[in-house]
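# Topology and contacts: notes
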Amino acid sequence: MSEGISILILAAGASTRMGEKVKQLLPWGTSTLIENAVDTAKQVADSVFVVLGANKEEIKKAIALSVETIYNPNWQSGMGSSISIGVQNILKLNLDQKGLLIMLADQPLIDTSYLNELKKEFDQGNFKIVATSYENRLGVPAVFHQSIIPELVNLNEEYGARHIIKKYHTDIKAVFPNGKELDIDTPKNYSQLIDKMNI
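Computed from a prediction, not measured in an experiment: that's the story for all the values here. (Residues numbered from 1 in each chain as written. Predicted model: local features only at pLDDT ≥ 70, side-chain atom pairs only at ≥ 80, totals over all residues. Heavy atoms only, no water.)

## Digging into the overall build of the chain
The criterion, for reference: Under the DSSP-based scheme used, a helix requires at least four consecutive residues in state H or I and a strand at least two consecutive residues in state E, with every element numbered from the N terminus. Radius of gyration: over C-alpha atoms. The globule rule applied is 2.2 Å multiplied by the number of residues raised to the 0.38 power. We call two residues in contact whenever any of their non-hydrogen atoms come within 4.5 Å of each other. Residue-level accessible areas treat just the shown protein chains as cover; the underlying method is Shrake-Rupley with a 1.4 Å probe. For the purpose of charge, His is not counted, nor are the chain termini; Lys and Arg are scored as positive and Asp and Glu as negative. Charge positions come from single atoms, namely NZ of Lys, CZ of Arg, CG of Asp or CD of Glu.
What the chain contains, in helices and strands, is 7 helices and 9 strands. Taken against the 2.2 N^0.38 rule, which gives 16 Å for 199 residues, the C-alpha radius of gyration of the chain at 16 Å falls within 12% of a compact globule. If you line up the chain on its principal axes, its C-alpha atoms span 40 × 35 × 30 Å. Once local pairs closer than 6 in sequence are excluded, the contacts in the chain between residues at least 24 apart make up 70%. Total accessible area computed for the chain in this model is approximately 10000 Å², and 46% of it derives from carbon and sulfur atoms. Charged side chains of the chain number 20 positive and 23 negative; the gap between the two group centres comes to 2 Å.

Encoded structure:
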C-alpha cells in the first residue's frame, strides 16, 4: 500500500459515443468498469477519490466498494475541470501526500502491477511527474509530485493535465504501458476488448 499517494479516478463524462449506455457501468468481468478502476486503485493507495458528473446518482449507487466521490457540476466543460475540482477537494483534506496519481475509469487493462510500476518510479524521487507513454504524447495514468498538485487546480481546459505535463517535460519519466492504455470509447471497441480478453 502506498503511503502518501492519493489516487483520483476521472469518471465524469457522458460518453455520448457509447449511445444510451452509461459507459462507467458497462460490465467488466464480475463487476463494472468503474468498480474495476476503484478496486485496482484501492489495492495501490489508501486514499481513493472518484470524480463523477453525468449520471452521477446512477453510478454512485452502483459502486459497491467504499470510496470518496466528488461531484463536478461543470463536467461538460471537459477533463480539466474534473481534475481541478477533484484536486480542490483533496487539498482541503490536508492529506500528508507525496503525490497524486490520476487515472481514468475507462482503461480497464490498467492493473495494480502497472500502477505500482508508476509508483515505484515516482518513489525513486528523480522526477516531478511519472506518466504513461502513448504513441506521440505522455498522459494519464500519471503521478504528480506534491509541489505540482496546486497547479492542477487551475485546469479548466478540454485536454486535462496535458499542458502541465508539457511544462515539466524535462522532469518527467515515461513509462510504457505495453497495450494496457487502451480505453473504451465506442460500443465497437468495448466488444472488441471483451472478445480479446475473453471476458
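After presenting the structure, the write-up continues.
## Observations concerning the environment of Gly78
Here Gly78 shows up in the loop between strand S5 (68-71) and helix H3 (79-92). Expressed as a C-alpha distance, the spacing of Gly78 and Asp111, which sit 33 residues apart in the sequence, is 25 Å.

## Digging into the packing of aromatic side chains
Filter applied, for reference: Aromatic rings from Phe, Tyr and Trp, taking only the six-membered ring of Trp, are treated as a pair when their centres fall within 6.5 Å; an angle between ring planes under 30 degrees marks them as stacked, one over 60 as edge-to-face, and anything in between as tilted. Criterion for a charge above a ring: Lys NZ or Arg CZ within 6 Å of the ring centre, and within 35 degrees of the ring normal.
A complete count under the given rule lists 0 aromatic pairs for this structure. In this structure, Lys56 is placed above the aromatic ring of Tyr71, and the distance from its NZ or CZ to the ring centre is 4.8 Å. Across from the ring centre of Tyr134, 4.2 Å away, lies the NZ or CZ of Arg137, which sits over that ring.

## What to know about the pairing of S5
Along any regular strand, the residues point their side chains to alternate faces of the sheet. As a reminder, the rule being used: Pairing between strands is defined by DSSP: at least two bridges between the two strands are required. The definition of a right-handed crossover adopted here requires that, viewed with the strands pointing away, the path from the first strand over the helix to the second runs clockwise.
Both strand S4 (residues 45-52) and S5 contribute to a ladder of 4 bridges, which runs parallel. Counted as the bridge partner of Phe49 is Glu68 from S5. Running through helix H2 (residues 56-62), the crossover from S4 to the neighbouring parallel element S5 is right-handed.

## Considering the pattern of salt bridges
For clarity, the cut-off: The rule for a salt bridge is simple: a side-chain nitrogen of Lys or Arg has to be within 4 Å of a carboxyl oxygen of Asp or Glu. Between buried and exposed lies partly exposed: a residue is buried under 20% and exposed over 50% of the maximum accessible area for its type, with that area taken using a 1.4 Å probe on protein chains only.
One pass over the structure, following the stated rule, counts 6 salt bridges. In this structure, Lys180 and Asp111 form a salt bridge, with 3.1 Å as the shortest nitrogen-oxygen distance. You can see Lys180 sitting in the loop between strand S9 (172-175) and helix H7 (187-197) and its partner Asp111 sitting in the loop between strand S6 (99-104) and helix H4 (112-123), a full 69 residues away along the chain. The exposure class assigned to Lys180 is partly exposed, which follows from its relative accessible area of 24%. By relative accessible area, which is 28% here, Asp111 ends up partly exposed. A salt bridge links Lys167 to Glu151, with the nearest nitrogen and oxygen atoms 2.9 Å apart. Note that Lys167 is positioned in helix H6 (residues 162-167) and Glu151 in helix H5 (residues 149-152), a separation of 16 residues in sequence. Each of Lys23, Asp106 and Asp185 takes part in one network of salt bridges that share partners.

## Focus: unusual backbone geometry
Cis geometry is adopted by the peptide bond preceding Pro141, which originates at Val140 and carries an omega value of 0°. Along the chain, Pro141 falls in strand S8 (residues 138-145). We note that Asn55 has phi near 55°; this positive angle belongs to a residue other than glycine. Within the element layout of this structure, Asn55 appears in the loop between S4 and H2. Relative accessible area serves as the criterion here: at 34%, Asn55 is assigned to the partly exposed category.

## Digging into the environment of Ile63
Checked against the element boundaries, Ile63 lands in the loop between H2 and S5. The class for Ile63 is buried, based on a relative accessible area of 10%. The spatial distance from the C-alpha of Ile63 to the C-alpha of Thr32 is 8.6 Å, given a sequence separation of 31 residues. Among all residues touching Ile63, those that are not within four sequence positions of it are Ile34 and Glu35.

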